[in-house]
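# Survey of secondary and tertiary structure
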Amino acid sequence: MPYMQSSNNSTIRSFTISEKKSIAMQWSQSNVKMQVFCDNHGITLSMLKNWRKQFSAPAKVPRWKHFIQVKPAKAVVPDVTLPFAEIIYLSGTRIIFHSAVNTDVIKGLLNTK
């Protein structure tokens, strides 16, 4: 890995294109935060961000992005011509009939609660 000497006696490392690509891909496949990865590899955060952009290394997908958005279907409005009945008890229990019901059945339900 080539190094360059700067004017203030600090060593600046230069990277080959393949090294840049490799480092960008290593980060995208790691489970490490970007800053920690940079610190471990002796590079700056801006270098990694630029290399990722330059070589189209995929960004990590946040955990919440793994969820699938579920959109409920539109409520089906029952045909108003169908018979319909609902019994609501004081306890909050509800019985909903979506088809014709014999009145004896309804009377029986009202007498049991």
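Please refer to the structure higher up on the page.
Small disclaimer: the values here were computed from a predicted structure and weren't measured.

Definitions and limits used
Within each chain, residue numbers correspond to sequence positions counted from 1 in written order. Since the coordinates come from a predicted model, pLDDT governs what is reported: local features require at least 70, and pairs of side-chain atoms require 80 or more to be given and counted, while whole-chain, interface and lining totals use all residues. Side-chain metrics rest on all non-hydrogen atoms present in the structure, leaving aside hydrogens and water. Note on geometry: axes are C-alpha line fits, over the in-contact stretch for helices, and angles between N-to-C directions span 0 to 180 degrees. For the purposes of this entry, the term helix denotes a DSSP run of H or I that reaches at least four residues, the term strand denotes a run of E that reaches at least two, and both are numbered from the N terminus. What sets the label is the angle itself: under 35 degrees gives roughly parallel, over 145 gives roughly antiparallel, 65 to 115 gives roughly perpendicular, and the rest give oblique. Rotating anticlockwise by less than a right angle from the far helix to the near helix defines a left-handed crossing, while the corresponding clockwise rotation defines a right-handed one. Contacts are assigned to residue pairs with any non-hydrogen atoms lying within 4.5 Å of each other. Polar here means any residue other than Ala, Val, Leu, Ile, Met, Phe, Trp, Tyr, Cys and Pro, which are nonpolar, and Asp, Glu, Lys and Arg, which are charged; Gly is therefore polar. Here the nonpolar core consists of buried residues drawn from Ala, Val, Leu, Ile, Met, Phe, Trp, Tyr and Cys, with membership extended through side-chain atoms lying within 4.5 Å. Working definition: with a 1.4 Å probe on protein chains only, accessible area under 20% of the residue-type maximum means buried, over 50% means exposed, and in between means partly exposed. Ring geometry is summarised as follows: Phe, Tyr and Trp rings, the Trp one being its six-membered ring, pair when their centres sit within 6.5 Å, and such pairs are stacked at plane angles under 30 degrees, edge-to-face over 60 and tilted between the two.

Further remarks concern the packing of helix 1 (residues 17-29) against helix 2 (residues 34-41). At a closest axis distance of 10 Å, the pairing of helix 1 and helix 2 adopts a crossing angle of 135 degrees. Between helix 1 and helix 2, the angle falls in the class oblique. Taken as a pair, helix 1 and helix 2 cross one another with a handedness that is right-handed. For the pair helix 1 and helix 2, the contacting residues are Ile23, Gln26 and Trp27 in the first and Met34, Phe37 and His41 in the second. Looking at side-chain class alone, the contact of helix 1 with helix 2 contains four nonpolar, two polar and no charged residues.

Moving on: the packing of helix 1 against helix 3 (residues 45-54). It is at 9 Å that the axes of helix 1 and helix 3 come closest, and there the two elements cross at 100 degrees. It follows from the interaxial angle that helix 1 and helix 3 lie roughly perpendicular. Residues Lys20, Ile23, Ala24 and Trp27 of helix 1 form the contact with helix 3, whose participating residues are Leu48, Trp51 and Arg52. Its residues placed into classes, the contact of helix 1 with helix 3 shows five nonpolar, no polar and two charged.

Before going further, it helps to spend a moment on the nonpolar core. By size, the foremost hydrophobic cluster in this structure holds eleven residues: Phe15, Ile23, Ala24, Trp27, Met34, Phe37, Cys38, Ile43, Leu48, Trp51 and Phe55. Put simply, the parts of the chain that give this core at least two residues each are helix 1, helix 2 and helix 3. When neighbours within four sequence positions are excluded, phenylalanine 15 is seen to be in contact with Lys20, Ile23, Ile43, Met47 and Trp51.

Within this structure, the stated rule accounts for one aromatic pair. Measuring from centroid to centroid gives 5.0 Å for phenylalanine 15 and tryptophan 51, while their planes differ by 70 degrees, and the two rings are edge-to-face. One end of the pair, phenylalanine 15, is in the loop between strand 2 (11-13) and helix 1; the other, tryptophan 51, is in helix 3, and 36 residues separate them in sequence. For the residue pair phenylalanine 15 and tryptophan 51, the accessibility class agrees, reading buried in each case.

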